[in-house]
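Spelled out from the first residue to the last, the chains are:
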Amino acid sequence: MMSLMSTRLQGRILTSRGFVTGAVSFGRTIEDIEAGDAPGRYILPGFIDVHVHGGNGGDTMDGERGVETMARFHGSHGTTSMLPTTVTAPWSNVMSALRGVAEVRSRGVEGGADVLGAHLEGPFISPKRLGAQAPQTILPSASLLEEALALNVVRLTTVAPELEGMDAAARKLSRAGVRVSFGHTVGAYEDAVRVAAAVREEGGTVSGTHLFNAMSGLMGRAPGVLGALLADEAAFAELIFDLHHVYSGAFLAARAAKRGRLLLITDAIRAAGLPDGESELGGQKVFVKNGRATLVDGTLAGSVLTLDVALRNAVKVGVPIEEASRMLSGTPAELLGLSDRGRIEVGLRADFVVLDEALRVLEVYVGGERIA
Ligand SMILES: [Zn+2]
């Protein structure tokens, strides 16, 4: 590896103990944080997106080129680590997408976000709650899971807990270190509680996939998977905060219930960053207009969100910037068990987003290298 000259950035630095006005010095890792006079710009930890399908025309399902394109596009919006996310498709297509992610992860993306591994979203989901996923769901057999796990690239999997065989599948995934996230589900409260217990018996971690979307609502006598995720203090939960998928009041309710375990994701598709018009997700035609991506029947089909916009949206509805930043960096790092990133602290990776007073991205650094 080429050694980097030490770089020094001045501004309002968001450290684990709150904002420090001064300078941060770094090579590949953070070397020093010193207090002093500094201009008003913000220096936040780089964003970590655990659920992102595509951007700027590229999609995880396209293979290596698609993953590189999305890593560069989202990198320019402040995402410094990502899990390219697959969609429900014939199994051989899912496997080749996973191989593409593994390939890009091993060589890295010049000028883009760090690819950590993959989020396997589907095909182990409910055919009754597809959202914009294609109707090619299958049950989580041991042989399919072994085939995917052999690549050692899947870090997070979205599953419907009510599916037959899910207890055993959740154990297998958890033993391999894969996070188990409930989503695209019509499961009962008890299904989620039972599978979460199986996950934890194996030392695993539970999360929820795009909370409120593609799952039943919380009713007093039918709390469903949503109720289980909100009630479970140790469970994490993702949320798409583009102001189209989730109403701001529901976001604030989830924030209050999850207390530090809510993370913001994009769920962005290849249309993110492109002009309004026709696009594609998982082989289905998508129409993008005014920031909304939908199938022909009006079903929301992923988003065109970037995480800098999610940050501004959270702040706009009253979340302090320190807390909003945690939803984009510290919390996803915790979900994935990453201790080398997600915070600004001496010794951690030099992954930063520099923003102006209006929280617009000015500069982005991945492992100390400026990418935007
Ligand atoms: Zn998705």
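Keep in mind that this is a model prediction, so the values were computed, not measured.

**Focus on the coordination of the zinc ion**
Right, so step 1: Protein coordination at the zinc ion: the donors are His51 (NE2), His53 (NE2), Glu121 (OE) and Asp267 (OD), at 2.0 to 2.2 Å from the metal.
Right, so step 2: One way to put it: the 4 donor atoms around the zinc ion meet at angles of 84 to 167°, and that makes the site irregular.
Right, so step 3: Read N to C, the donor residues that coordinate the zinc ion are spaced as H-x1-H-x67-E-x145-D. Of the two residues, His53 sits in the loop between β5 (47-52) and β6 (54-55) while Glu121 sits in strand β10 (residues 118-121), which places them 68 residues apart along the sequence. Here the two residues His53 and Glu121 agree in accessibility, since each one is buried.

**Quick word on helix α8 (residues 307-316)**
Right, so step 1: All of the buried residues in α8 are Leu307, Asp308, Ala310, Leu311, Asn313 and Ala314.
Right, so step 2: Gly318 occupies a position one or two residues after α8 and carries a positive phi of about 105°.

**Thoughts on helix α2 (residues 91-107)**
In an α-helix, one turn spans 3.6 residues, which is why side chains three or four residues apart end up on the same side.
Right, so step 1: If you check α2, its first and last C-alpha atoms are 25 Å apart, about what 17 residues at 1.5 Å a residue would give, namely 24 Å.
Right, so step 2: Along α2, the positions that sit buried rather than exposed are Trp91, Val94, Met95, Ala97, Leu98, Gly100, Val101, Ala102 and Val104.
Right, so step 3: If you follow the buried residues of α2, they end up packed against α1 (64-75), β8 (79-84), β9 (114-115), β10, α3 (142-149) and β11 (154-159).
Right, so step 4: Within two residues after α2, Gly108 carries a phi angle of roughly 80°, on the positive side.

**Focus on the packing of aromatic side chains**
Right, so step 1: Scanning the model with the defined rule gives 6 aromatic pairs in all.
Right, so step 2: Pairing Phe19 with Tyr42 gives two aromatic rings, centres 5.6 Å apart and planes at 50°, and the pair type is tilted. Here Phe19, found in strand β2 (residues 18-26), pairs with Tyr42, found in strand β4 (residues 42-45); they are 23 residues apart in sequence, far enough to count as distant.
Right, so step 3: With relative accessibility at 12%, the residue Tyr42 sits in the buried group.
Right, so step 4: Aromatic pair Phe26 and Phe352: ring centres 4.7 Å apart, planes at 55°, arrangement tilted. Residue Phe26 is found in strand β2, and its partner Phe352 is found in strand β19 (residues 352-355); the two are separated by 326 residues along the sequence.
Right, so step 5: A residue is classified by how much of its surface remains accessible, and Phe352, at 0% relative accessible area, is buried.
Right, so step 6: The rings of Phe26, Phe352 and Tyr365 are connected pair by pair, giving a single aromatic cluster.
Right, so step 7: The lysine or arginine in question, Arg12, covers the ring of Tyr42, its NZ or CZ lying 4.3 Å from the ring centre.

**Observations concerning the pattern of salt bridges**
Right, so step 1: Scanning the model with the defined rule gives 27 salt bridges in all.
Right, so step 2: A salt bridge links Arg107 to Glu103, with the nearest nitrogen and oxygen atoms 3.6 Å apart. Of this pair, Arg107 and Glu103 both sit in helix α2, 4 residues apart, which is roughly one turn of the helix.
Right, so step 3: Judged by its relative accessible area of 36%, Glu103 is partly exposed.
Right, so step 4: Asp356 is the salt-bridge partner of Arg360, the closest N and O atoms lying 3.0 Å from each other.
Right, so step 5: A residue is classified by how much of its surface remains accessible, and Asp356, at 14% relative accessible area, is buried.

**Side note on the side chain of His210**
Right, so step 1: When you line up the elements, His210 lands in the loop between β13 (206-208) and α6 (224-231).
Right, so step 2: A polar atom in the side chain of His210 sits 3.2 Å from the side chain of Glu121.

**A closer look at the nonpolar core**
Right, so step 1: In this structure, Phe182 and Phe251 are the most contacted members of the largest nonpolar core, which totals 88 residues.
Right, so step 2: Looking at which element gives the most residues to this core, the answer is α2, with 7 residues.
Right, so step 3: Aside from chain neighbours lying at most four places away, what touches Phe182 is Val159, Pro161, Ala192, Val195, Ala196, Val206, Ser207, Gly208, Thr209, Met215, Val225 and Leu229.
Right, so step 4: One finds Ile13, Val24, Ala350 and Phe352 within the second-largest nonpolar core, a separate group that totals 11 residues.

**A word on the sheet that holds β13**
Right, so step 1: In space, the 4 strands of this open sheet follow the order β10-β11-β12-β13, with parallel pairing throughout. One side of each edge strand has no neighbouring strand; the edge strands of this open sheet are β10 and β13. Recorded for the sheet is a direction-independent mean angle of 25° between the axes of neighbouring strands.
Right, so step 2: When β10 meets β11, the two strands line up parallel, connected through 4 bridges. Bridged to Ala118 within β11 is Val154.

**Concerning the UniProt feature "active site" (unreviewed entry) in the protein**
Right, so step 1: The UniProt record marks Asp267 with the feature "active site" (unreviewed entry), using the residue numbering of this structure.
Right, so step 2: Beyond its immediate chain neighbours, meaning those up to four positions away, Asp267 contacts His51, Val52, His53, Glu121, His210, Ile240, Gly302 and Ser303.

**Some words on the sheet that holds β9**
Right, so step 1: As summarised here, the arrangement of the 3 strands in space is β5-β8-β9, forming an open sheet in which the pairing is parallel. Every interior strand has two partners, whereas the edge strands, β5 and β9, have only one.
Right, so step 2: Taken together, the 2 bridges between β8 and β9 define a ladder with parallel strand orientation. Bridge pairing in β9 links Ser81 to Asp114.
Right, so step 3: Of the strands in this sheet, β5, β8 and β9 touch α1, which is tilted by about 145° from β8.

So, how was this worked out
- Each chain carries its own residue numbering, running from 1 in the written order of its sequence.
- In view of the model being predicted, local features appear only for residues whose pLDDT reaches at least 70, and side-chain atom pairs are presented and counted only at 80 or more, with totals across whole chains, interfaces and linings using the full set of residues.
- Processing note: side-chain calculations cover all non-hydrogen atoms of the structure and skip hydrogens and water entirely.
- In this listing, donors mean N, O and S atoms no farther than 2.8 Å from the metal, or 3.2 Å for Na, K and Ca; water is missing from the atoms, so a site can look incomplete.
- In this scheme the shape depends on donor count and angles: four donors with every angle between 85 and 135 degrees give tetrahedral, four or six donors with opposite pairs above 155 degrees and others between 65 and 115 give square planar or octahedral in turn, and any other case is irregular.
- Numbering of helices and strands runs from the N terminus, with a helix taken as a DSSP run of H or I at least four residues long and a strand as a DSSP run of E at least two residues long.
- Exposure classes here rest on a 1.4 Å probe applied to the protein chains alone. A residue is buried below 20% of its type maximum, exposed above 50%, and partly exposed in between.
- Expected helix span is computed as 1.5 Å times (number of residues minus one).
- The criterion used for residue contact is that any of the two residues' heavy atoms lie within 4.5 Å.
- Pairing of aromatic side chains here covers Phe, Tyr and the six-membered ring of Trp, requires ring centres within 6.5 Å, and sorts the geometry by plane angle: under 30 degrees stacked, over 60 edge-to-face, intermediate tilted.
- Two thresholds decide whether a charge sits over a ring: the Lys NZ or Arg CZ must be within 6 Å of the ring centre and within 35 degrees of the ring normal.
- Just to be clear on terms, a salt bridge is a Lys or Arg side-chain nitrogen sitting within 4 Å of an Asp or Glu carboxyl oxygen.
- Pairs of N or O atoms are called polar contacts if they sit within 3.5 Å, as long as, within protein, a hydrogen donor faces a hydrogen acceptor (for residues adjacent in sequence, only side-chain-to-side-chain pairs).
- Side-chain atoms within 4.5 Å are what join buried Ala, Val, Leu, Ile, Met, Phe, Trp, Tyr and Cys residues into a set we call a nonpolar core.
- Pairs of strands are assigned from DSSP output, requiring at least two bridges between the strands.
- Between N-to-C directions, angles span 0 to 180 degrees; the directions come from axes that are lines fitted to C-alpha atoms, helices contributing only their stretch in contact.
- UniProt positions are given in the numbering used here, feature names are shortened, and annotations may be inferred rather than shown by experiment.

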